[in-house]
Amino acid sequence: TQLLEQSPQFLSIQEGENLTVYCNSSSVFSSLQWYRQEPGEGPVLLVTVVTGGEVKKLKRLTFQFGDARKDSSLHITAAQTGDTGLYLCAGGRNTDDYKLSFGAGTTVTVRA
Amino acid sequence: DVKVTQSSRYLVKRTGEKVFLECVQDMDHENMFWYRQDPGLGLRLIYFSYDVKMKEKGDIPEGYSVSREKKERFSLILESASTNQTSMYLCASSLYWGRATDTQYFGPGTRLTVL
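Residues numbered from 1 in each chain as written. Chains lettered and ligands numbered in written order. Predicted model: local features only at pLDDT ≥ 70, side-chain atom pairs only at ≥ 80, totals over all residues. Heavy atoms only, no water.

Draft legend 1. Molecular detail of the sheet that holds strand β3 (residues 19-24) of chain A. All names here are of chain A. What the 5 strands build is an open sheet, ordered β1-β3-β8-β7-β6; its pairing is antiparallel. One side of each edge strand has no neighbouring strand; the edge strands of this open sheet are β1 (5-7) and β6 (55-58). This sheet shows a mean twist of 15 degrees between the axes of neighbouring strands, independent of strand direction. Sheet topology places strand β7 (residues 61-65) next to strand β8 (residues 71-76); 5 bridges connect them, and they run antiparallel. Paired with Thr-62 across the bridge in β8 is His-75. (Pairing = 2+ DSSP bridges. Helix = DSSP H or I, 4+ residues; strand = E, 2+ residues; numbered from the N terminus. Axes fitted to C-alpha atoms, helices over the stretch in contact; angles between N-to-C directions.)

Structural data, given as structure tokens:
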């Protein structure tokens, strides 16, 4: 059983559309990270959020950490083909613990 | 830029063989990790090393061992490969110890198939 559940599992959209990916848990996390993994490559960190209710923006990507620190979302505005990839959320249960719990990921395909 | 390299992108081995996966990072990072990535399961931590010759078991260490003789190099060893170890193996490194908020830098992965 995954500690972090991501939805949807797969998402295919047209270039220019918006999308939202969700990461949910019944557990509280001290921090949450989002990674993007492109085919044939390792994951690359996009953002780290640590405060409940925190919103961070990275160009067309908006990340939100839930008030209760049990969930997070990633919203992409006007998706581009370069946004195609596997999006992974990873949560840290304790501030002083290096261990991360990863979700299974959402595969996003942006069609030209 | 941090660079994490893995010795092979693809590897095919037979059941019972001893398998070595090598990982090298060039940024003098203290910490190195080995994960396996399987569809529907995400990344699962196999082993973590926070210094030369120092290691900690992750969530799924059974059937694996590790070696870190030099700071920049972290090896994953499958003593006797089995078909259920067919997977994508990812190595990562990070600068600080004991912080889940630290950035982990990943290598490109080794896709291992055990026949």
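Draft legend 2. Expanded view of the interface of chain A and chain B. Facing 25 residues of chain A, the contacting portion of chain B comprises 25 residues. Both sides together, the interface formed by chain A and chain B hides about 1800 Å², and carbon and sulfur atoms give 53% of it. Among the residues chain A hides against chain B, the three largest losses belong to A:Pro43, A:Tyr98 and A:Phe102. Together they make up 34% of the total. Across the chain A-chain B interface, the total number found is 0 salt bridges. Linking chain A to chain B there are 6 residue pairs in polar contact (both at pLDDT 80 or more). Secondary structure elements with two or more residues in the side of chain A that touches chain B: β4 (31-37), β5 (44-49) and β9 (85-92) of chain A. Of all the elements, β4(A) adds the most residues to the side of chain A that touches chain B, at 4 residues. (Contact = heavy atoms within 4.5 Å. Buried area = accessible area lost by both parts, 1.4 Å probe. Salt bridge = Lys/Arg side-chain N within 4 Å of Asp/Glu carboxyl O. Polar contact = N/O pair within 3.5 Å; in protein donor to acceptor, adjacent residues only side chain to side chain.)

Draft legend 3. Seen up close, the pattern of salt bridges. Residues and elements named next belong to chain B. Per the counting criterion, the structure on display carries 11 salt bridges over all chains. A salt bridge links Lys-18 to Glu-79; its shortest N-O distance comes to 3.6 Å. Of this pair, Lys-18 sits in the loop between β2 (10-13) and β3 (19-25) while Glu-79 sits in the loop between β8 (73-78) and β9 (87-94); the two residues are 61 residues apart in sequence, bridging distant segments of the chain. Under the relative-accessibility criterion, Glu-79 is labelled partly exposed at 43%. Asp-28 is paired through a salt bridge with Lys-71; the nearest N and O atoms lie 3.1 Å apart. (Buried < 20%, exposed > 50% of the residue type's maximum accessible area, 1.4 Å probe, protein only.)

Draft legend 4. Highlighting the nonpolar core. Counting residues in hydrophobic clusters, the biggest one holds 21 residues, and the most contacted among them are A:Leu19, A:Leu32, A:Trp34, A:Phe63, A:Leu74 and A:Ile76. Of all the elements in the fold, those that place two or more residues in this core are β3, β4, β5, β7, β8, β9 and β11 (106-111) of chain A. Not counting residues within four places of it along the chain, the set of residues in contact with A:Leu74 comprises A:Leu19, A:Thr20, A:Val21, A:Trp34, A:Leu61, A:Thr62, A:Phe63 and A:Tyr87. In this structure, B:Val4, B:Trp34, B:Leu76 and B:Leu78 belong to the second largest nonpolar core, which totals 20 residues. (Core = buried A, V, L, I, M, F, W, Y, C linked by side-chain atoms within 4.5 Å.)

Draft legend 5. Just the sheet that holds strand β1 (residues 4-6) of chain B, in detail. Residues and elements named next belong to chain B. Spatial ordering of the open sheet is given by β1-β3-β8-β7, a layout of 4 strands whose pairing is antiparallel. Edge positions in the sheet fall to β1 and β7 (64-70), since each has one partner strand and no second. Across the sheet, the axes of successive neighbouring strands diverge by a mean angle of 20 degrees, strand direction being ignored. Inspection of the sheet shows β1 paired to β3 by 3 bridges, in the antiparallel sense. When the bridges of β3 are listed, Thr-5 appears paired with Val-24.

Draft legend 6. The arrangement of unusual backbone geometry in detail. Residues and elements named next belong to chain A. With omega at -10 degrees, the peptide bond leading from Ser-7 into Pro-8 counts as cis. The residue Pro-8 is located in the loop between β1 and β2 (10-14) in this model. With a phi angle near 55 degrees, Lys-59 is a residue other than glycine that sits in the positive phi range. Following the sequence through the fold, Lys-59 ends up in the loop between β6 and β7.

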